[in-house]
Amino acid sequence: MEGGQPIPSSLVPLGNTSSDFSMSLEQKTTFVFVILLFIFLGILIVRCFRILLDPYRSMPTSTWADGLEGLEKGQFDHALA
């Protein structure tokens, strides 16, 4: 370390060093918001792993060509011209 000075940690509150750890309303709101973000992240990770492990389960059984009314399957040259 340079000069022997301790590095201030962001985990230790500098101004409020009382024995009972009381959080302000802003800190409580931030803490709840971060917890909700972690829950949302966990749900997204689980969903992505389920899709990676079984990708065909999330696909619909019908194909994209089933919904064509005026066009027959395989006749794309007339539709593009």
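In this text, all values refer to a predicted model and were calculated from it rather than measured experimentally. (Residues numbered from 1 in each chain as written. Predicted model: local features only at pLDDT ≥ 70, side-chain atom pairs only at ≥ 80, totals over all residues. Heavy atoms only, no water.)

Enquirer: Quick rundown of the overall build of the protein chain? Include the residues and the values.
Expert: Along the backbone of the protein chain there are 2 helices and 0 strands. Counting over 81 residues, the protein chain shows a buried share of 1%. A total accessible area of about 8,200 Å² is found for the protein chain, and carbon and sulfur atoms account for 66% of it. (Helix = DSSP H or I, 4+ residues; strand = E, 2+ residues; numbered from the N terminus. Buried < 20%, exposed > 50% of the residue type's maximum accessible area, 1.4 Å probe, protein only. Areas by Shrake-Rupley, 256 points an atom, 1.4 Å probe, with all protein chains shown as cover.)

Enquirer: Explain a nonpolar patch on the surface to me, and be specific about the residues and the numbers.
Expert: Residues Phe33, Val34, Leu37, Phe38, Leu41, Ile45, Phe49 and Leu52 make up a contiguous nonpolar surface patch of about 830 Å² in total accessible area. Counting through the fold element by element, Val34 comes out in helix H1 (residues 25-53). Judged by its relative accessible area of 34%, Val34 is partly exposed. (Patch = residues over 30% accessible without salt bridge, like charges linked within 9 Å, V, L, I, M, F, W, Y side chains within 5 Å. Salt bridge = Lys/Arg side-chain N within 4 Å of Asp/Glu carboxyl O.)

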